[in-house]
Amino acid sequence: MNETSEPGAEASGPTPSKEPTWAVVATVREPAELVLAFVAHHLELGAHKIIIYLDDPDDPVRPLLVQTGRVNAVSCDADYWKRVNGDRGRPENQNARQAINATQAYKKVRADYLLHLDADEFLHMARPFAEEVARLEEEDVWLRIPAVERCWLAGDRSEHIFSGVFRHPIKQAPRITRRIYGDEVAPYLANGLAGASHGKPLVRTGHKVQVQVHAAKLPGKNNGWAPHKKATGLHVLHFDGLTPLHWAAKTLRYAEQGDEAIGRLLHEERARQVRHVRDNISSMPELLRFFRTITGLTPDQARALTEHGRLSAMKIDPEAAMRRAFPDVEADFSFRAFDLKLGGENAKRLMKKIAESKAA
């Protein structure tokens, strides 16, 4: 691996190889096991390069990533932010940091395509990569890979961070969403998903574009999306909250923000979730029940989603890939083990909510 402050001194643009090559970029601040599983999974799928931006410049995962020559780790310290963002330094907005990092990687990576993901998102291929990108016309700059969201069937008590099934967005059909989920749940779902439903961009290199969280945009075009197509045989599997406590900690972090920031950072339905947690939920058991309400499926909901072709049991095994790529790393992917590594800041948020529960 090249331990550099940027994605390496590589020429930008596509490679001359016959088979299209692709790379992955992600900005991460997660337990080391998740980052290693993310890296290993995409390397086994065939990624030419993985570019990891460490949002915590002292992230202990860095020396572990050194073991492979196909990963570049970028420490996002003060010097890095001054170099890429001038006197403005490190943006407070997480989405802004991700977009800047992805665009930096795009300018330098030597591959035909760059895929922008989060650490809790894993690419699934039902069709060869080359067949998917062959659908792009000459004017197309990127391929939008649809996102599907992990959820749980009734009675599923598995406690592995990669367990569950996947529901697809129900776009342009709010009546169907309301009919399936009812008035209690539907207001908290965007196109039928509790998290983002926009998908993620796989961007053809060699263009002057800005790589955003969910799209590729052309500068000077009123932030308009660059020409693109939608993938049909590729999906991004989104584990929005690797565990119930992981989701709770993220939601409580957002709840600390003011209304303006919540509205700016989150889509309408996710913002509604956060405000509901802030204003109406006073105990940890209530918070975890709310999580299960919006991410668990009743038998009737699962049956309806299946009838509409919106429920899949896509299988991936990032844990096995991680153990093959990093055999000397001990890892436990159970809920309990993952929760113990959420970090001091998240632990304080959760303990505060637990204390409020006891005081109520």
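Structure's up top.
Cut-off values and rules
- The residue numbers shown here count from 1 along each chain, following its written sequence.
- The predicted origin of the model limits local features to residues at a pLDDT of at least 70 and limits the giving and counting of side-chain atom pairs to 80 or more, whereas totals for whole chains, interfaces and linings rest on all residues.
- As a rule here, side-chain values come from all non-hydrogen atoms in the structure, and water together with hydrogens is ignored.
- Working definition: helices are DSSP H or I runs of at least four residues, strands are E runs of at least two. Numbering for both runs from the N terminus.
- Just to be clear, the radius of gyration here is over C-alpha atoms, and the globule rule we use is 2.2 Å times residues to the power 0.38.
- Residue contacts follow a heavy-atom distance rule, with two residues in contact if any of their heavy atoms lie within 4.5 Å.
- The Shrake-Rupley method, run with a 1.4 Å probe sphere, supplies the accessible areas, and residue values consider only the shown protein chains as cover.
- When charges are counted, Lys and Arg are positive and Asp and Glu negative, with His and the chain ends excluded.
- By convention, charge coordinates are those of NZ in Lys, CZ in Arg, CG in Asp, or CD in Glu.
- Basic side-chain nitrogens of Lys or Arg form a salt bridge, by our definition, when they fall within 4 Å of a carboxyl oxygen of Asp or Glu.
- Throughout this description, buried means an accessible area under 20% of the type-specific maximum (1.4 Å probe, protein chains only), exposed means over 50%, and partly exposed covers the range between.
- Two strands make a pair as long as DSSP finds a minimum of two bridges between them.
- For every element, the axis is a line fit to its C-alpha atoms; helices are fit only across the contacting stretch, and the angle between N-to-C directions ranges from 0 to 180 degrees.
- Centre distance within 6.5 Å is the pairing criterion for rings of Phe, Tyr and Trp, where only the six-membered ring of Trp is used; planes under 30 degrees apart are then read as stacked, over 60 as edge-to-face, and the remainder as tilted.
- Any angle that falls under 35 degrees is termed roughly parallel, while one over 145 is termed roughly antiparallel, one within 65 to 115 roughly perpendicular, and all others oblique.
- Residues are grouped as follows: Ala, Val, Leu, Ile, Met, Phe, Trp, Tyr, Cys and Pro are nonpolar; Asp, Glu, Lys and Arg are charged; every other residue, Gly included, is polar.
- Put simply, a nonpolar core is a bunch of buried Ala, Val, Leu, Ile, Met, Phe, Trp, Tyr and Cys residues held in one set by side-chain atoms that sit within 4.5 Å of each other.

S.K.: Residue-level account of the overall build of the protein chain, with values.
M.R.: When helices and strands are counted, the protein chain shows 14 helices and 15 strands. For the protein chain, whose C-alpha radius of gyration is 20 Å, the value lies close to the compact-globule estimate of 21 Å for 360 residues. Along the longest, intermediate and shortest principal axes, the C-alpha atoms of the protein chain span 60 × 45 × 45 Å. Contacts in the protein chain between residues far apart in sequence, at least 24 positions, make up 72% of those at least 6 positions apart. When the accessible surface of the protein chain is split by element, carbon and sulfur atoms take 49% of a total near 16400 Å². Distance between charge centroids for the protein chain: 3 Å, based on 51 positive and 48 negative side chains.

S.K.: Can you break down the pattern of salt bridges residue by residue, with the values?
M.R.: Here the structure, examined in full by the defined rule, presents 22 salt bridges. Its salt-bridge partner being Lys200, residue Asp118 comes within 3.7 Å of it at the nearest N-O pair. Taken together, the positions of Asp118 in the loop between strand S4 (113–116) and strand S5 (121–125) and Lys200 in strand S9 (residues 200–204) put the pair 82 residues apart, joining distant regions of the chain. Considered together, Asp118 and Lys200 belong to a single accessibility category, that of buried residues. Here Glu256 and Arg349 are joined by a salt bridge, their closest N and O atoms 2.8 Å apart. On the criterion of sequence distance, the pair formed by Glu256 in the loop between helix H7 (244–255) and helix H8 (259–265) and Arg349 in helix H14 (residues 344–359) is long-range, its members being 93 residues apart.

S.K.: Give me the environment of Val84: which residues, what numbers.
M.R.: Following the sequence through the fold, Val84 ends up in helix H3 (residues 78–85). Distance from Val84 to Asn101, taken between C-alpha atoms, is 8.7 Å for residues 17 residues apart in sequence.

S.K.: Account for the pairing of S9, naming residues and giving values.
M.R.: In terms of burial, S9 is a largely internal element, 5 of the 5 residues being buried. The alternating pattern of S9 places Lys200, Leu202 and Arg204 on one face and Pro201 and Val203 on the opposite face, and all of these are buried. Of the pairings in the sheet, the one linking S4 to S9 comprises 3 bridges and is antiparallel in character. Directly across from Leu114, in S9, lies its bridge partner Val203. Pairing of strand S6 (residues 142–145) with S9, which is carried by 4 bridges, proceeds in the antiparallel orientation. Across the sheet, residue Arg144 finds its bridge partner in S9, namely Pro201.

S.K.: Can you explain helix H12 (residues 318–325)? Please cite residues and give values.
M.R.: Buried within H12 are the following residues: Pro318, Glu319, Ala320, Ala321 and Met322. Summarising the contacts, the buried residues of H12 are in contact with helix H1 (32–45) and S5.

S.K.: Summarise the sheet that holds strand S3 (residues 71–75); cite the residues concerned and give the values.
M.R.: Within the open sheet, the 7 strands sit side by side as S3-S2-S1-S4-S9-S6-S12. Their pairing is mixed. Each end of this open sheet is capped by a strand with a single partner; those strands are S3 and strand S12 (228–230). Recorded for the sheet is a direction-independent mean angle of 20° between the axes of neighbouring strands. Judged from the 6 bridges that link them, strand S1 (residues 22–28) and strand S2 (residues 49–54) form a sheet pairing that is parallel. When the sheet's bridge partners are listed, Val25 is paired in S2 with Ile51. Each of S1, S2, S4 and S9 is contacted by helix H4 (residues 94–108), which is oriented at about 150° to S1, the strand it contacts most.

S.K.: Explain the packing of aromatic side chains to me, and be specific about the residues and the numbers.
M.R.: Counted by the stated rule, this structure contains 16 aromatic pairs. Geometrically, the ring pair formed by Phe166 and Phe239 is edge-to-face, given 5.5 Å between the ring centres and 90° between the ring planes. Here Phe166, found in strand S8 (residues 165–167), pairs with Phe239, found in the loop between strand S13 (234–238) and H7; they are 73 residues apart in sequence, far enough to count as distant. For Phe239, a relative accessible area of 0% gives the class buried. Seen in terms of ring centroids, Tyr188 and Phe290 are 5.0 Å apart; in terms of plane orientation they differ by 85°. Their pairing is edge-to-face. Pair noted here: Tyr188 is in the loop between helix H6 (174–185) and S9 and Phe290 is in helix H10 (residues 284–295), with a separation of 102 residues, a long-range link. Taking the relative accessible area as the measure of exposure, Tyr188 reaches 13% and is therefore buried.

S.K.: Give me the lowdown on the packing of H1 against H12, citing residues and values where you can.
M.R.: At their nearest, the axes of H1 and H12 sit 8 Å apart, and the two run at 90° to each other. On the basis of their axis angle, the class for H1 and H12 is roughly perpendicular. For the pair H1 and H12, the contacting residues are Glu33, Leu36, Ala37, Ala40, His41 and Glu44 in the first and Pro318, Ala321, Met322, Arg324 and Ala325 in the second. When the residues that make up the contact of H1 with H12 are grouped by side-chain class, the tally is 7 nonpolar, 1 polar and 3 charged.

S.K.: Residue-level account of the nonpolar core, with values.
M.R.: Counting residues in hydrophobic clusters, the biggest one holds 80 residues, and the most contacted among them are Val39, Ile52, Phe162 and Met322. Per-element tally for this core: the top contributor is H1, with 8 residues. Those residues in contact with Phe162, other than ones at most four positions away along the chain, are Leu34, Ala37, Phe122, Arg150, Phe239, Leu242, Pro318, Glu319 and Phe333. Core analysis: the second largest hydrophobic core is formed by 24 residues, Ile51, Leu114, Trp142 and Ala215 among them.

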